2 protein chains.
Amino acid sequence: MSVPERKISYKIPEPTLRRLPWYLSCAKLMRSQGERYVSSTHISRQINIDSSQVAKDLSYVAISGRTRVGYEVDSLIAVLEEFLGFNSMHKAFLFGVGSLGSALLQDTGLAHFGLEIVGAFDINPDKVGSVISGIPVYHTDKFSEIMQKDKVNIGILTVPISISQEITDVMISHGIKAIWNFTPFRIRVSENIVVQNTSLYAHLALMFNRLKDELKNEDL
Amino acid sequence: MSVPERKISYKIPEPTLRRLPWYLSCAKLMRSQGERYVSSTHISRQINIDSSQVAKDLSYVAISGRTRVGYEVDSLIAVLEEFLGFNSMHKAFLFGVGSLGSALLQDTGLAHFGLEIVGAFDINPDKVGSVISGIPVYHTDKFSEIMQKDKVNIGILTVPISISQEITDVMISHGIKAIWNFTPFRIRVSENIVVQNTSLYAHLALMFNRLKDELKNEDL
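Values in this document were obtained by computation on a predicted structure and should not be read as measured data.

A. Focus on the overall build of chain A. For chain A, the helix and strand inventory stands at nine helices and nine strands. Looking at the 220 residues of chain A, the share that counts as buried comes to 52%. Sequence-distant contacts, at least 24 apart, represent 58% of the contacts inside chain A between residues at least 6 apart. For chain A, the accessible area works out to roughly 10200 Å², and carbon and sulfur atoms hold 51% of it. Taking the average location of the 23 positive side-chain charges in chain A and that of its 23 negative ones, the two points are 6 Å from each other.

B. Representation of the pattern of salt bridges. All names here are of chain B. Using the criterion set out here, one finds 12 salt bridges over all chains in the structure. For the salt bridge of D74 with R31, the shortest nitrogen-to-oxygen distance reads 3.4 Å. Of the two residues, D74 is situated in helix α4 (residues 73–84) and R31 in helix α1 (residues 14–32); the sequence distance between them amounts to 43 residues. Among the ionic pairs, D150 bridges to K91, the shortest N-O distance being 2.9 Å. Here D150, found in the loop between α7 (143–149) and β7 (154–157), pairs with K91, found in strand β3 (residues 90–95); they are 59 residues apart in sequence, far enough to count as distant. By relative accessible area, D150 is classed as partly exposed at 23%. When its relative accessible area of 33% is taken as the criterion, K91 is described as partly exposed.

C. Highlighting the side chain of R186(A). Inspection of the secondary structure assignment puts R186(A) in the loop between β8 (178–181) and β9 (194–197). Classification of R186(A) as buried rests on a relative accessible area of 15%. For R186(A), the side chain forms a polar contact with the main-chain oxygen of I47(B), separated by 2.6 Å. Polar contacts involving the side chain of R186(A) include one to the main-chain carbonyl oxygen of N48(B), which spans 3.3 Å.

D. View of the relation of the copies chain B and chain A. Once chain B is rotated about the relating axis by 180° and shifted along it by 0.0 Å, it coincides with chain A to within an RMSD of 0.0 Å. The operation mapping one copy onto its partner corresponds to a two-fold rotation axis. For chain B, the minimum C-alpha distance to the rotation axis belongs to A103(B) and amounts to 2.2 Å.

E. Structural view of the confidence of the model for chain A. All names here are of chain A. In this model, chain A carries an average pLDDT of 90, and 93% of its residues clear a pLDDT of 70 or more. In the predicted structure, residues 1–7 sits below a pLDDT of 50 and forms 14 contacts with residues beyond four places in sequence or in another chain. Listed scores for the predicted complex are pTM 0.87 and ipTM 0.88.

F. Main features of the pairing of β8(A). Residue and element names in this part refer to chain A. Where burial is concerned, the two faces of β8 agree: the one with A178 and W180 and the one with I179 and N181 are both buried. Summarising the sheet, strand β7 (residues 154–157) and β8 pair through four bridges and their orientation is parallel. Paired with I156 across the bridge in β8 is W180. Where β8 and β9 come together, four bridges link them in parallel fashion. Bridge pairing links N181 to N197 in β9.

G. Representation of the sheet that holds strand β3 (residues 90–95) of chain A in the model. All names here are of chain A. Here seven strands make up an open sheet; going across it, the order is β5-β6-β4-β3-β7-β8-β9 and the pairing mixed. In this open sheet, the two strands that pair with only one neighbour each are β5 (131–132) and β9. Here β5 runs beside strand β6 (residues 135–139); their pairing, made up of two bridges, is antiparallel. Considered in β6, the bridge of I132 is made with I135. Across the face of the sheet, helix α8 (residues 164–173) comes into contact with β3, β7 and β8 while running at roughly 170° to β7.

H. Structural view of the side chain of N181(B). Residues and elements named next belong to chain B. With respect to the secondary-structure elements, N181 resides in strand β8 (residues 178–181). Judged by relative accessible area, N181 falls into the buried class, the value being 0%. Engagement of the side chain of N181 in a polar contact is seen with the side chain of N197, the distance being 2.9 Å. Those residues within four positions of N181 in sequence are excluded, and the remaining contacts are L157, I187, V195, Q196, N197, T198 and S199.

I. Structural view of the sheet that holds strand β6 (residues 135–139) of chain B. Strand order in this open sheet of seven strands is β5-β6-β4-β3-β7-β8-β9 (chain B), and the pairing throughout is mixed. At either end of the open sheet lies a strand with only one pairing partner, and these are β5 (131–132) and β9 (194–197) of chain B.

J. Spotlight on empty space enclosed by the protein. Summed over the entire model, instances satisfying the criterion amount to one cavity of 30 Å³ or more. In this structure, the largest cavity encloses a volume near 80 Å³. Along the walls of the largest cavity sit L100(A), A103(A), L104(A), D107(A), F182(A), L200(A), L100(B), A103(B), L104(B), D107(B), F182(B) and L200(B), which together make up its complete lining. Every element with two or more residues in the lining of the largest cavity is listed here: α5 (99–106) of chain A together with α5 (99–106) of chain B. Counted by class, the lining of the largest cavity contains 10 nonpolar, no polar and two charged residues.

K. Representation of the packing of helix α1 (residues 14–32) of chain A against helix α2 (residues 40–47) of chain A. All names here are of chain A. At a minimum axis separation of 10 Å, α1 and α2 run at an interaxial angle of 100°. On the basis of their axis angle, the class for α1 and α2 is roughly perpendicular. From α1, W22, Y23, C26, L29 and M30 reach across to α2, where they touch H42, I43, Q46 and I47. Residues of the contact of α1 with α2, tallied by class, amount to seven nonpolar, two polar and no charged.

The rules we used
Residues numbered from 1 in each chain as written. Chains lettered and ligands numbered in written order. Predicted model: local features only at pLDDT ≥ 70, side-chain atom pairs only at ≥ 80, totals over all residues. Heavy atoms only, no water. Helix = DSSP H or I, 4+ residues; strand = E, 2+ residues; numbered from the N terminus. Buried < 20%, exposed > 50% of the residue type's maximum accessible area, 1.4 Å probe, protein only. Contact = heavy atoms within 4.5 Å. Areas by Shrake-Rupley, 256 points an atom, 1.4 Å probe, with all protein chains shown as cover. Lys, Arg positive; Asp, Glu negative; His and termini not counted. Charge placed at Lys NZ, Arg CZ, Asp CG, Glu CD. Salt bridge = Lys/Arg side-chain N within 4 Å of Asp/Glu carboxyl O. Polar contact = N/O pair within 3.5 Å; in protein donor to acceptor, adjacent residues only side chain to side chain. Least-squares fit on C-alpha atoms with pLDDT ≥ 70 in both. pLDDT = per-residue confidence, 0-100. Pairing = 2+ DSSP bridges. Axes fitted to C-alpha atoms, helices over the stretch in contact; angles between N-to-C directions. 1 Å grid on protein atoms, 1.4 Å probe; cavity = no way out; pocket = protein on both sides within 12 Å on 5 of 7 lines; lining within 4 Å. Points joined across faces, edges and corners; volume = space filled by probe spheres on them. Nonpolar A, V, L, I, M, F, W, Y, C, P; charged D, E, K, R; others polar. Parallel < 35°, antiparallel > 145°, perpendicular 65-115°, else oblique.

So, in structure tokens, the structure goes:
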């Protein structure tokens, strides 16, 4: 017996949202090369995606290109950054200051893309009370209290799988609305909670498998 | 004009490969709770995926369950770890010891899933010559020389977008077969090269967008 999948229909299709950051980095690269205008054909050629697809994807972000010259690079970058949420700061709490959790606390790149981790939680006495890259580590018991002071919608999950579901439930019961799940565990949440799965291990498995196939092909 | 997408058909479908790590963590969790057998129905209930799908996915990994009792937990874990490549060590070089690159060098969790980073490359004189979590950082100019000594198939890309393609080409010309791309840039490679894209920023964009939609729904 399994609960049905989320049925909410979002405004922007996921494949489009996945491609938009590619267009953004392509536009940034072109700006750094001194270009002032960029067309969907140019983007298409650079990143190997059909140009009609590029144009269609970009139609979601309410920018219009000029015939022949295309989009103004600066405007395209500004509009995409705004649209993707990289321009406004989203506060987050991180749960589980292990190896991956500490690594994420130290990745200052996230702040440039709109994510500000304002606090971390763990139960390990060696970690509680410490400060990593300016981010305080609290005991998990303090979450309820700290959540009341700070308006935070996002929780980053980097705990061991044995407590992934438990910590998810704790986060949600205190008002977290979106969970960035780095654990290889598939967490269960109610329909109105956003889950973004980013399992590095699942990606590793995919890469290992494809690599094995390629190496076999080479040996033939 | 765009080059056609890769046409290679792999043996295991990507959605199956993405789900297998979920079954693995589910089985590990059940073992930690003292269970000796696990059925696809049980996994299905735990992680909210249709049980016939679970059974179908597991049929790829050549393990057979016993009627009524299901799979032996220890065997299922062993077979899945072997199948996913987590049991054998895959050597990798990392390019770009910035914020995210350093974070990955410090994530000891990767080694538990079969990835051993044996060297890192950068051009920043402050970084070249240093050792991070036991991993030496070399000047990028040394890559050719070091690649000849060590048999490495995997390259991890964490450089700025302005040099993503250039470094990709350098890696491939020296024999790298698979690229784990953490940059938001869509790199171009030939058909026989495996690319695994893991853009944290694309995932952030997805999460921000979904969260915005959910918060709007709440306000209605």
